[in-house]
Amino acid sequence: MAEAAPKEFPGLSLHVTITIAPENEEKFLAAFRTVWELVAAEPECIFFEIYKSATELGVFSWVEGWTKDQKWLMEVQLQKEYYKPYFAITEPMFIKPREFKIYEKLPGWAKAKPEHFER
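All of these numbers come straight from a predicted model, not from anything done at the bench.

Peer 1: Outline the pairing of strand E2 (residues 45-52), listing residues and values.
Peer 2: Consecutive side chains of a regular strand alternate in pointing toward one face of the sheet and then the other. Where E2 and strand E3 (residues 59-66) come together, seven bridges link them in antiparallel fashion. Paired with Glu-49 across the strands is Val-63, a residue of E3. Once E2 ends, the chain turns through six residues before running back antiparallel as E3, passing Gly-58 with a positive phi of about 80°.

Shown next, in the form of structure tokens:
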């Protein structure tokens, strides 16, 4: 009996939340933009969105979509040199520890209207 072909990995998303002193919001975003551009340009990154809390000052959250698995994310992507200057500048701004969660994508459960990307 022939072996079944291995299932293609559906992808994952990295959800990160940070809390900084409200007076550092603009400074944080200025430092974040560079690494955001670099990460979003990676061929394995399929989306990268950042959000600001509507109710808490200084709270930002973002979601990164990846075509690779958690092992690759931790061992390859998160080891890239361009994170070092970003961490050096932004981590002293944190007033709470960074929170992150990793989720695997459920195939067939994603939709977005074109307007989502226009705002």
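Okay, back to it.
Peer 1: Break down the packing of aromatic side chains for me, with residues and values.
Peer 2: Counted under the stated rule, the structure contains eleven aromatic pairs. Between Tyr-83 and Phe-87, the ring centres sit 5.8 Å apart and the planes meet at 15°, which makes this aromatic pair stacked. With a gap of four residues between them, Tyr-83 and Phe-87 both fall in helix H3 (residues 83-90), about one helical turn apart. Classification of Phe-87 by relative accessible area gives partly exposed; the value is 27%. Ring pairs connect the aromatic residues Phe-28, Phe-32, Trp-36, Phe-48, Phe-60, Trp-62, Tyr-82, Tyr-83, Tyr-86 and Phe-87, which therefore count as one cluster.

Peer 1: Report on the side chain of Glu-25, specifying residues and quantitative values.
Peer 2: Secondary-structure assignment places Glu-25 in helix H1 (residues 25-40). Residues contacting Glu-25, with those up to four places away along its chain left out, are Ile-20, Lys-52, Leu-57, Gly-58 and Phe-60.

Peer 1: Mind laying out the nonpolar core, listing which residues take part and the relevant values?
Peer 2: In this structure, Ile-18, Phe-28, Val-39 and Trp-62 are the most contacted members of the largest nonpolar core, which totals 21 residues. When contributions to this core are tallied by element, the ones reaching two or more residues are strand E1 (12-19), H1, E2, E3, helix H2 (70-75) and H3. Dropping the residues within four chain positions of it, Val-39 is found in contact with Cys-45, Phe-48, Glu-64, Trp-66, Gln-77, Tyr-82 and Tyr-83.

Peer 1: Run through the packing of H1 against H3, naming residues and quoting values.
Peer 2: The relative placement of two packed helices comes down to the angle between their axes together with the axis-to-axis distance. Running from N to C, H1 and H3 cross one another at 160°; their axes reach a closest spacing of 10 Å. On the basis of their axis angle, the class for H1 and H3 is roughly antiparallel. Both H1 and H3 take part in a crossing whose hand is left-handed. Touching Phe-28, Ala-31, Phe-32, Val-35 and Val-39 of H1 are Tyr-83, Tyr-86, Ile-89 and Thr-90, all from H3.

Peer 1: How would you explain the pattern of salt bridges if you had to name every residue and give the values?
Peer 2: If you walk through the whole model with that rule in mind, you get six salt bridges. Lys-80 is paired through a salt bridge with Glu-42; the nearest N and O atoms lie 3.1 Å apart. One end of the pair, Lys-80, is in the loop between H2 and H3; the other, Glu-42, is in the loop between H1 and E2, and 38 residues separate them in sequence. Classification of Lys-80 as partly exposed rests on a relative accessible area of 23%. In this structure Glu-42 comes out as buried when scored by relative accessible area, which is 14%. Close ionic contact of Arg-98 with Glu-91 constitutes a salt bridge, the shortest N to O distance being 2.8 Å.

Peer 1: Give a detailed account of H3, specifying residues and quantitative values.
Peer 2: Regarding H3, the residues found buried are Tyr-83, Tyr-86 and Thr-90. All buried residues of H3 fall inside an arc of 65° around its axis, so they share one side. Set apart from the buried face of H3 by more than 90 degrees, the exposed residues are Lys-84 and Ala-88. If you follow the buried residues of H3, they end up packed against H1 and E3.

Parameters at a glance
- Residues numbered from 1 in each chain as written.
- Predicted model: local features only at pLDDT ≥ 70, side-chain atom pairs only at ≥ 80, totals over all residues.
- Heavy atoms only, no water.
- Pairing = 2+ DSSP bridges.
- Helix = DSSP H or I, 4+ residues; strand = E, 2+ residues; numbered from the N terminus.
- Phe/Tyr/Trp six-rings, centres within 6.5 Å; stacked < 30°, edge-to-face > 60°.
- Buried < 20%, exposed > 50% of the residue type's maximum accessible area, 1.4 Å probe, protein only.
- Contact = heavy atoms within 4.5 Å.
- Core = buried A, V, L, I, M, F, W, Y, C linked by side-chain atoms within 4.5 Å.
- Axes fitted to C-alpha atoms, helices over the stretch in contact; angles between N-to-C directions.
- Parallel < 35°, antiparallel > 145°, perpendicular 65-115°, else oblique.
- Left-handed = near helix turned anticlockwise from the far one by under 90°.
- Salt bridge = Lys/Arg side-chain N within 4 Å of Asp/Glu carboxyl O.
- Arc of directions from axis to C-beta.

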